[in-house]
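Structure at a glance
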Amino acid sequence: MEVTLLGTGDTTGTPTAGCDCDTCRAAEERGVERSRFSVHVRNERTDESLLLDFSPDFRYQFLRDDPPLPDAAVVTHIHFDHLDGLGNVYRLLDSLPVHAADETDPKTGESVAGTVSSKFDYLDRISVHPEAPFEPFDVCGFEVTLVPVDHPPLVCYGLTVEDPETGAKLALSGDTSYDVPPDSRERLAGADLLLADGIVPARLCEYHPLGGSHEDGEGVPRTFGTKHMTFEGARALADDLDASEYRLVHVSHFPTPEEAFGDDLAVDGETFTL
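The present account deals with the structure reproduced in this document. Remember, predicted model here, so these are calculated numbers, not experimental data.

Structural notes on helix H1 (residues 22–30)
For an α-helix the count is 3.6 residues per turn, leaving residues at separations of three or four pointing the same way. Of the residues making up H1, those classed as buried are Thr23, Cys24, Ala26 and Ala27. All buried residues of H1 lie within an arc of 160° about the axis, which places them on one face of the element. Exposed side of H1, more than 90 degrees from the buried face: Glu28 and Glu29 are the residues found there. Those residues of H1 that are buried are in contact with helix H7 (257–260). Positive backbone phi, at 70°, marks glycine 31, one or two positions downstream of H1.

Here's what the structure looks like:
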């Protein structure tokens, strides 16, 4: 299993357009970036590629890193920075199966799969495959399982990608607070690589209108507001789940350069062989 981190940033990415903050300048000086979220997983045995989420930066990411175009894809939720890049496959692929959860979201009245179908009904070369959470499905020679996480007000899912031949396991927390349900934690546990959503260090919770939540024993917030984990929360989740290796993703440009480019914080283009 070859994993390429195509996009490791939050909604605006780093550098952020029009921003001259220290972290955006440091990213430019270091020659690194965090575009909007997407992960490419290649199965060397079958020579197939699976894309996890459709970044709006799809075209740029595939030109920059030159991975094989996807044979199939999974969508975790309907926020634009994870979905709107799907339009980039127009006139690019002859066919593309897109897998997404089948649970109806009380907020939208549609499942993620339903929203993908309705929003991209003009893409006649894609086929949408509704999947039940916790029920593994086979794609690209992998076994994939979607698990509910906590990203209010919309439903959102983490997932695992496992190779039944080698036993390799990739886990994504999805966009989530630290309050990942116990059943989902059980499925995400024991990964060779965990990609955990961590948007800012906990100290920045004081600037969020809702502050922080899910404090640890020392009072450090593990959730920033309600939707994303702090760096500390993502690291705690990696420890909770006993991940062999982890990287923080969905990182914003608000931390200082020293905080933003620590060893466990992902940047675009990192690759892993599991």
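Quick look at the nonpolar core
Counting residues in hydrophobic clusters, the biggest one holds 48 residues, and the most contacted among them are Val41, Leu50, Leu52, Phe54, Leu86, Val161 and Leu170. The element best represented in this core is strand E5 (residues 96–101), accounting for 4 residues. Apart from residues lying up to four places away in sequence, valine 161 is in contact with Met1, Val41, Leu50, Leu52, Phe142, Glu143, Val144, Ala168, Lys169 and Leu170. One finds Tyr178, Ala234, Leu237 and Leu265 within the second-largest nonpolar core, a separate group that totals 20 residues.

Brief notes about helix H6 (residues 231–240)
Within H6, burial applies to Phe231, Gly233, Ala234, Leu237 and Ala238. Each buried residue of H6 lies within a common arc of 165° when the element is viewed along its axis, so the set occupies one face. Against helix H5 (182–188), strand E11 (193–200), strand E14 (228–230), strand E15 (246–249) and H7 lie the buried residues of H6. Positive phi appears at aspartate 242, one or two residues downstream of H6, with a value of about 55°.

Examining the pairing of strand E1 (residues 2–7)
Along E1, 5 of the 6 residues are buried, which leaves the element largely enclosed by surrounding structure. Pairing geometry for E1 and strand E16 (residues 271–273), over 3 bridges, is antiparallel. The residue of E16 that forms the bridge with valine 3 is phenylalanine 272. The sheet contact formed by E1 and strand E2 (residues 38–43) spans 5 bridges and is antiparallel.

What about the packing of aromatic side chains?
Enumeration over the complete set of coordinates arrives at 4 aromatic pairs. With 6.1 Å between their ring centres and 45° between their planes, phenylalanine 120 and tyrosine 122 make a pair best called tilted. Site record: aromatic cluster; members linked through ring pairs are Phe54, Phe58 and Phe62. Residue placement shows arginine 185 over the ring face of tyrosine 178; its charged tip is 4.7 Å from the ring centre.

Conventions used here
- Residues numbered from 1 in each chain as written.
- Predicted model: local features only at pLDDT ≥ 70, side-chain atom pairs only at ≥ 80, totals over all residues.
- Heavy atoms only, no water.
- Buried < 20%, exposed > 50% of the residue type's maximum accessible area, 1.4 Å probe, protein only.
- Helix = DSSP H or I, 4+ residues; strand = E, 2+ residues; numbered from the N terminus.
- Arc of directions from axis to C-beta.
- Contact = heavy atoms within 4.5 Å.
- Core = buried A, V, L, I, M, F, W, Y, C linked by side-chain atoms within 4.5 Å.
- Pairing = 2+ DSSP bridges.
- Phe/Tyr/Trp six-rings, centres within 6.5 Å; stacked < 30°, edge-to-face > 60°.
- Lys NZ or Arg CZ within 6 Å of the ring centre and 35° of its normal.

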